[in-house]
Amino acid sequence: MTNALSFKNRDNLFGFMPTFMSNWFDDFGMIPSNFTNSPKVNVKETDKAYEIEIANPGFGKEDTKIEVKDGSLYVSMTSQSEEGENDGNKYHVRQWSKSSYEESWYLPENVIEDQISAKHTDGVLTITLPKKEVQKSHEDPKIINIE
């Protein structure tokens, strides 16, 4: 029985190249060691729910897709500015013309999947995963005899 929310696949935090390539680039100082393609994530648990907060500035709710499938939660975000956009400016660096993020988590068995909700406020996506109420047993303990 799984009672903890856990990442499904965290092998490739860069999201755009194989892990061995990202390690090679990092070793030669081409990519800062604190750089990842993934936004910051907070996961907390209360008595009634798990809550995932994802910092997603630049992504609107229309750019975000959340799915529950096969006991896992999938979150993906894609944001893209118009290609060939002519705003009269000459760009020297344009780093956010397209951005994407994907993450998935194994869901604990005590999550009520059909009551999962999400809201997007001030650049933070908050996903609430309500927990089933555990019935506490008031039975007397069963004594096991040892032979």
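In this text, all values refer to a predicted model and were calculated from it rather than measured experimentally.

Criteria and cut-off values
Residues numbered from 1 in each chain as written. Predicted model: local features only at pLDDT ≥ 70, side-chain atom pairs only at ≥ 80, totals over all residues. Heavy atoms only, no water. Helix = DSSP H or I, 4+ residues; strand = E, 2+ residues; numbered from the N terminus. Areas by Shrake-Rupley, 256 points an atom, 1.4 Å probe, with all protein chains shown as cover. Pairing = 2+ DSSP bridges. pLDDT = per-residue confidence, 0-100. Contact = heavy atoms within 4.5 Å. Salt bridge = Lys/Arg side-chain N within 4 Å of Asp/Glu carboxyl O.

**Q** Lay out the overall build of the chain with the relevant residues and their values.
**A** Along the chain, the regular secondary structure elements total one helix and eight strands. For the chain, the sequential pattern of α-helices and β-strands runs β-α-β-β-β-β-β-β-β. On the chain, roughly 11500 Å² of surface is accessible, and the fraction owed to carbon and sulfur atoms is 48%.

**Q** Account for the pairing of strand 3 (residues 49-55), naming residues and giving values.
**A** Summarising the sheet, strand 2 (residues 41-45) and strand 3 pair through five bridges and their orientation is antiparallel. Considered in strand 3, the bridge of Lys44 is made with Glu51. Linkage of strand 2 to strand 3, two consecutive antiparallel strands, is achieved through a turn of three residues. Taken together, the seven bridges between strand 3 and strand 8 (residues 124-130) define a ladder with antiparallel strand orientation. For Glu53, the partnering residue across the bridge sits in strand 8 and is Thr126.

**Q** Got a sec to walk through the confidence of the model for the chain? Specific residues and values, please.
**A** With 65% of its residues at a pLDDT of 70 or more, the chain has an overall mean of 76. Averaged over each element, pLDDT in the chain is lowest for helix 1 (residues 19-27) (46) and highest for strand 8 (95). Throughout residues 11-36 the model reports pLDDT below 50, and contacts reaching past four residues in sequence, or to other chains, amount to 23 contacts.

**Q** Go over the pattern of salt bridges, please, and point to the residues and values.
**A** Taken as a whole and judged by the stated rule, the model has three salt bridges. As a salt-bridge pair, Glu51 and Lys44 come within 3.4 Å of each other at their nearest N and O atoms. Put simply, Glu45 and Lys131 hold a salt bridge, and the shortest N to O gap is 2.6 Å. Linking Glu45 in strand 2 with Lys131 in the segment after strand 8, this pair joins segments that are 86 residues apart in sequence.

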